[in-house]
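Report on the structure
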Amino acid sequence: ERKLDTEELAVRLADEPTPTRTPRIEATDEVVIEQLRFIPRSTREKLLAPMKLLGLNYLDFMNFLRANKASVDLSYLRQQAMLMARNPREFGPSFIDALKATWSDDYARSLDDTLRSVKTNPVWPVYEDAVARGGGDFLRPLGGEIEAQWQAAEEFMALSRIKGDTRFRPFLKAAEHIPWIRISGRAHVTGMNSMNMRIFQKWHKELLNLNDQVAKKTTVLDEYDAIHIPNTMRDLSKLLAEMSGRGPLPEGLKKWSVGINALFFSLRMTIGRFSSHRHLASRNAFVRRKAWENHLTGYALYSSVIMAGRQMGLWDVEVDPRSSDFMKIQLFGGRQTIDVWAGLQPLAVLVGRLSAVIWSEEHVAQTKPIRGQKVGQIIPVDPLSAAGQTLGRNKVSPGIQEMLVQWTGKDFNGDEVDRKNMLDFFRRQSPIAVEEAYEAIDKFGLTGLPAAVLAELGQGVRSHDTPRWTEID
């Protein structure tokens, strides 16, 4: 009691505290926050579930637009382009499988089961072991229910859903019921899986034969090149996945694959195109040899055909590496270009433009003039704008592209767009192959029919109204 009295006396003798003005709402916020902390976790999840579902459906809509843009063609040819030159025997049956899958869902399902069964595919355990060791998952699921969203084919993620997910996902159901998306998706996945697994089987057989030769001492390898079959098959699966446009995705990003795919048009394909070249310097001699064989054969085949056609007078070719049409086939005086480089051509353009910055600080404007440029005009360029234009806007998803169009009022080429015109909106969101084929026939009539067929086979075709004049060049 004496101690309490002493403390009370000290408080009475002390100066009055300076009053501080506190916002009235702060106390309320503290009370609300404290109350929220006492809400059970299950109740909080129920409150947030509608917002999460709304955001997920927005991402589904973006992926739906992306699947629609990638449909109505055999786009698997574009992704397998760098493997087709070195593996023609594996490509031929896969093309037939893709055509059969176009007409028959049962055939596609049956082939998929065959590839994933140890009874019908002897190297299936080898593939599973390679993936378990951190190898590349070059087999895409055919669609329907899957264990994780990142396993789905990047182009047709809208056709896959998580096993056991009963939430309301209308855009996933819409994609499954739209014929051209469903048919294109199964043809795309069937063709790629068929060809990749055949190549994997061939490499495994070659590796076993080489191992037998070493055991029989008919072939002598350095200690540095010694064969470890499981690790070699793991590295070969990485090479095969990356060369077919299925680049590695860090573990931390896999759970965000739906959002990443909704933002970027082909992130894993772009990563794969870059990272596949690292195997050219692999420490494994067998993997290094396969990387060099496939890369060199692909580059040699396409560049030889392109330049041979130029020498024969069948078409013209842009040979200036600073141009956006570098190494593209040009027809009708440059008003139509054909890109057979399977997504690698923009990278060559980027290297050419950055080289131009270093040596001449200039680059050639595109065949179709943009932002007030003249055809063939030499204009200044900086590294950031070159990299941003090549790897920036043309790599985002169709949904993001449309948002940029609505925001800026201009399309990718910088042309003014009527944002209220719904016909233009549907034209921008129509499948790429349909748009390219229509433009080729619309501008050049029946003479544009071959280019329209190439567009349906996954090749990049562009038709312009503006000619390319040599005098301006």
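These numbers come from a predicted model, not from an experiment.

Analysis parameters
Residues numbered from 1 in each chain as written. Predicted model: local features only at pLDDT ≥ 70, side-chain atom pairs only at ≥ 80, totals over all residues. Heavy atoms only, no water. Helix = DSSP H or I, 4+ residues; strand = E, 2+ residues; numbered from the N terminus. Contact = heavy atoms within 4.5 Å. Areas by Shrake-Rupley, 256 points an atom, 1.4 Å probe, with all protein chains shown as cover. Buried < 20%, exposed > 50% of the residue type's maximum accessible area, 1.4 Å probe, protein only. Pairing = 2+ DSSP bridges. Salt bridge = Lys/Arg side-chain N within 4 Å of Asp/Glu carboxyl O. Arc of directions from axis to C-beta. Polar contact = N/O pair within 3.5 Å; in protein donor to acceptor, adjacent residues only side chain to side chain. Core = buried A, V, L, I, M, F, W, Y, C linked by side-chain atoms within 4.5 Å. Axes fitted to C-alpha atoms, helices over the stretch in contact; angles between N-to-C directions. Parallel < 35°, antiparallel > 145°, perpendicular 65-115°, else oblique. Left-handed = near helix turned anticlockwise from the far one by under 90°. Nonpolar A, V, L, I, M, F, W, Y, C, P; charged D, E, K, R; others polar.

Thoughts on the overall build of the protein chain
Tallying secondary structure elements over the protein chain gives 21 helices and eight strands in all. Put simply, 66% of the contacts in the protein chain that link residues at least 6 apart link residues at least 24 apart. When the accessible surface of the protein chain is summed, it comes to about 26000 Å², and 61% of that surface belongs to carbon and sulfur atoms.

Details of the side chain of Glu90
As for its position among the elements, Glu90 is in helix 6 (residues 88-103). Note on Glu90: relative accessible area 12%, which makes it buried. Every residue in contact with Glu90, bar those within four places of it in the chain, is listed here: Met195, Arg198, Ile199 and Lys202.

Some remarks on the side chain of Ser160
The residue Ser160 is located in strand 2 (residues 160-162) in this model. The buried category is assigned to Ser160, whose relative accessible area is 1%. In this view, Ser160 contacts Gly143, Gly144, Ile146, Gln149, Ala152 and Leu172; residues no more than four positions away in its chain are not counted.

Let's talk about the pairing of strand 5 (residues 336-339)
Judged by which residues are buried, strand 5 turns out to be covered on both faces: Gln336 and Ile338 on one side and Thr337 and Asp339 on the other are all buried. Relative to strand 5, strand 4 (residues 329-331) runs antiparallel, the two being bridged by three bridges. Paired with Ile329 across the bridge in strand 5 is Ile338. Direction of pairing for strand 5 relative to strand 8 (residues 460-463): antiparallel, over a ladder of four bridges. Bridge pairing links Asp339 to Gly460 in strand 8.

Brief notes about the pattern of salt bridges
Side-chain pairs of opposite charge can arise whenever the charged atoms involved come near each other. This model, assessed by the stated rule, comprises 23 salt bridges. Here Arg198 makes a salt bridge to Asp97, at a shortest N to O gap of 3.4 Å. Of the two residues, Arg198 sits in helix 10 (residues 179-215) while Asp97 sits in helix 6, which places them 101 residues apart along the sequence. Judged by its relative accessible area of 32%, Arg198 is partly exposed. Taking relative accessible area as the criterion, Asp97 reaches 5% and is therefore assigned buried. Asp105 serves as the salt-bridge partner of Arg109, at 3.7 Å between the closest nitrogen and oxygen. Placement of both Arg109 and Asp105 in helix 7 (residues 105-115) is noted, with a separation of four residues, approximately one turn of the helix. Here the residues in one salt-bridge network are Arg86, Glu206, Arg289, Lys290 and Glu293, joined through shared partners.

Re helix 7
Residues of helix 7 that are buried include every one of Ala108, Leu111, Asp112 and Leu115, and no others. Take helix 7 and look down its axis: the buried residues cluster within an arc of 100°, on one side only. The exposed set on the far side of helix 7, more than 90 degrees from its buried face, consists of Asp106 and Asp113. Contacts from the buried residues of helix 7 go to helix 6, helix 8 (124-132) and helix 10. Sitting at the amino-terminal end of helix 7 is Ser104, which places a side-chain oxygen 3.5 Å from the backbone nitrogen of Asp106.

Details of the nonpolar core
Among the nonpolar cores identified, the biggest contains 49 residues, and Tyr127, Phe138, Met197, Phe200, Leu240, Tyr302 and Ile306 are the most heavily contacted of them. At the level of secondary structure, the elements contributing two or more residues to this core comprise helix 4 (76-79), helix 5 (81-84), helix 8, helix 10, helix 11 (229-243), helix 15 (285-311) and helix 21 (449-456). Broken down by element, the residue count for this core peaks at nine residues, all from helix 10. In contact with Tyr127, other than residues within four places in its own chain, are Gly136, Asp137, Phe138, Leu139, Met197 and Phe200. Of all hydrophobic cores here, the second largest spans 11 residues; its members include Leu65, Ala175, Ile178 and Ile181.

Some points on the packing of helix 11 against helix 15
The interhelical angle for the contact between helix 11 and helix 15, taken along N-to-C directions, is 20°, at an axis separation of 9 Å. By the angle between their directions, the pair helix 11 and helix 15 is classed as roughly parallel. When you trace helix 11 past helix 15, the crossing you get is right-handed. The segment helix 11 lies against helix 15, with Thr232, Asp235, Leu236, Leu239 and Met243 engaging Phe286, Val287, Lys290, Ala291, Asn294 and His295. Partitioning the contact of helix 11 with helix 15 into residue classes produces six nonpolar, three polar and two charged.

Nothing here speaks to function; it is geometry throughout.
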